[in-house]
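Residue-level listing of the chains:
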Amino acid sequence: GKDDQLFTRTGEVYVHFLEPIPSLLPSVGVKIGRFDIPFGEEYLWQDAIDNPLITNSAAYPYGWDEGILVHGQAGGLGWIAAISDGTDQRSIEDDTDKAFNLKLYGRPLESLYLSASAMKNGDAGKSAFEFGGSHFQPIGASHQSTLPPSPSEKVDATLLQIDMRYSFLSSQSHNELGYIALSFGAAEQQDGAPGFDRDIRWFSIEPLYNLTPKFYLVARYSEIGTYDDDEGFHFDGKIFADGNNAFGYDTKRFRRLGIGVGWMPAPRIRAKLEVGRDRFSLIDASPLSTDNDDRNFVGAEVAVGF
């Protein structure tokens with residue numbers, strides 16, 4: 001389907017060269033095509049078969065983009081570097097600026113995984129990167145907005161994120177009894193008119209406990225926002241919240257709590273039940289009604305991977 005229509009569209013489509021020059025560049029691989037933007041950790045588990053809950057985090061940072069990605073290992077440190085076009089549409093660029101990504105990750109301890117991600121998006125009218133349905137774009141460029149629109153046609157953005165996952169291992173078998181995952185991120189949308197710049201912050205905390213080898217309990221609390229009474233941004237909150245249509249650029253804070261139970265009868269079958277709550281907070285000047293700023297949800301899902 002076309003980019004502006006709600007049809008099934010391609011996600012990742014790329015050629016992957018594993019160790020193309022093994023004698024010169026061992027443990028180095030190259031992807032050329034359309035790939036997951038290597039920022040943070042959620043893009044690695046966003047698919048239903050890998051996500052322990054039905055919902056994603058409030059921030060849900062992810063995106064697909066066209067370009068070149070190089071990855072490798074240096075001792076115990078993994079690294080990913082990518083250059084891509086930075087724009088939402090495929091095969092079309094609205095600016096010569098490119099997006100740059102760098103990610104470092106590793107395990108200083110058997111039970112501890114750490115990663116750090118940095119991104120420079122480059123000028124774009126609508127970024128390929130998004131926060132769960134909300135792209136970087138000039139204020140008022142889409143969705144309803146009670147704020148004055150930006151005079152700019154394009155914006156730039158700089159992002160940073162740190163992730164940690166600590167696993168609780170059995171002293172005898174070293175099987176994972178559970179884990180706690182933490183994520184902290186910050187971004188600045190840079191407009192040609194400084195009054196329309198936006199600072200965005202987000203975090204997530206996710207504990208999981210394995211009741212048995214096949215059953216688990218999990219919870220996730222997450223937030224994203226400008227945390228500014230006068231400066232809002234559009235946060236959609238895929239897959240349920242629909243904040244773009246409800247509040248446009250008037251949101252200063254979006255919160256999500258999800259609690260669930262999961263059952264994995266086989267490695268690639270996952271059944272889940274989740275209850276949760278989404279909540280929006282608006283800027284002081286917003287005239288929009290807050291009658292629907294608080295939404296409760298319940299869902300059941302069965303995912304099969306192949």
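Please read these numbers as outputs of a predicted model, since none were measured by experiment. (Residues numbered from 1 in each chain as written. Predicted model: local features only at pLDDT ≥ 70, side-chain atom pairs only at ≥ 80, totals over all residues. Heavy atoms only, no water.)

### Quick look at the pattern of salt bridges
Keep this limit in mind: Think of a salt bridge as a Lys or Arg side-chain nitrogen and an Asp or Glu carboxyl oxygen that are within 4 Å of each other. Secondary structure elements follow DSSP: runs of H or I no shorter than four residues count as helices, runs of E no shorter than two count as strands, and numbering proceeds from the N terminus. Relative accessibility under 20% of the residue-type maximum defines a buried residue, over 50% an exposed one, and the middle range a partly exposed one, all with a 1.4 Å probe and only protein chains included.
For the coordinates displayed, the defined rule picks out 14 salt bridges. We note a salt bridge from Glu-41 to Lys-103, for which the minimum N-O separation is 3.1 Å. Highlighted residues: Glu-41 in the loop between strand 2 (28-36) and helix 1 (42-45) and Lys-103 in strand 6 (residues 99-109), separated in sequence by 62 residues. The same class applies to Glu-41 as to Lys-103, namely buried. One salt bridge in this structure joins Arg-253 and Glu-223, with 2.8 Å as the shortest N-O distance. In this pair, Arg-253 sits in strand 14 (residues 251-266) while Glu-223 sits in strand 13 (residues 215-225), placing the two residues 30 residues apart along the sequence. For Arg-253, a relative accessible area of 26% translates into the label partly exposed.

### Quick notes on the sheet that holds strand 9 (residues 134-135)
Threshold: One requirement defines pairing of two strands: DSSP has to find at least two bridges between them.
Pairing within the open sheet is antiparallel, and its three strands lie in the order 3-8-9. Both outer strands of the open sheet, strand 3 (61-62) and strand 9, are each paired with one neighbouring strand and no more. Pairing of strand 8 (residues 130-131) with strand 9, which is carried by two bridges, proceeds in the antiparallel orientation. When the sheet's bridge partners are listed, Glu-130 is paired in strand 9 with His-135.

### Comments concerning the pairing of strand 2
Consecutive side chains of a regular strand alternate in pointing toward one face of the sheet and then the other. Taking burial as the measure, the nine residues of strand 2 include seven buried ones, the bulk of the element. Pairing of strand 1 (residues 13-18) with strand 2, which is carried by six bridges, proceeds in the antiparallel orientation. Along strand 2, the bridge assignment pairs Val-13 with Arg-34. Of the pairings in the sheet, the one linking strand 2 to strand 4 (residues 64-74) comprises nine bridges and is antiparallel in character. Residue pairing across strands places Phe-35 opposite Asp-65, the latter belonging to strand 4.

### With respect to the layout of surface pockets
So the rule is basically this: Lining residues are those with an atom within 4 Å of a point, where the points come from a 1 Å grid over the protein atoms alone and group into cavities, where a 1.4 Å probe fits but cannot get out, or pockets, open sets with protein on both sides within 12 Å along at least five of seven lines. Grid points are joined across faces, edges and corners, and a volume is the space filled by probe spheres set on the points. Three classes are used, and their members are as follows: Ala, Val, Leu, Ile, Met, Phe, Trp, Tyr, Cys and Pro are nonpolar, Asp, Glu, Lys and Arg are charged, and the others, Gly among them, are polar.
In this structure, the second largest pocket occupies an estimated 800 Å³ of space. In this structure, the second largest pocket is lined by 34 residues; those nearest its centre are Trp-45, Arg-165, Tyr-179, Ala-181 and Glu-206. Looking at the lining of the second largest pocket, the elements with two or more residues in it are helix 1, strand 10 (155-169), strand 11 (176-191), strand 12 (198-210) and strand 13. Partitioned by chemical class, the residues of the lining of the second largest pocket number 17 nonpolar, seven polar and 10 charged.

### A few points about the packing of aromatic side chains
Threshold: In this analysis, rings of Phe, Tyr and Trp, with Trp reduced to its six-membered ring, are considered paired at centre separations within 6.5 Å, and the interplanar angle assigns stacked below 30 degrees, edge-to-face beyond 60, and tilted for intermediate values.
Using the criterion set out here, one finds 16 aromatic pairs in the structure. Arranged with centres 5.4 Å apart and planes meeting at 40 degrees, the rings of Phe-240 and Phe-297 form a pair that is tilted. Of the two residues, Phe-240 is situated in the loop between strand 13 and helix 2 (243-247) and Phe-297 in strand 16 (residues 294-304); the sequence distance between them amounts to 57 residues. By relative accessible area, Phe-297 is classed as buried at 14%.

Such coordinate-based values are descriptive only and should not be taken to indicate function.
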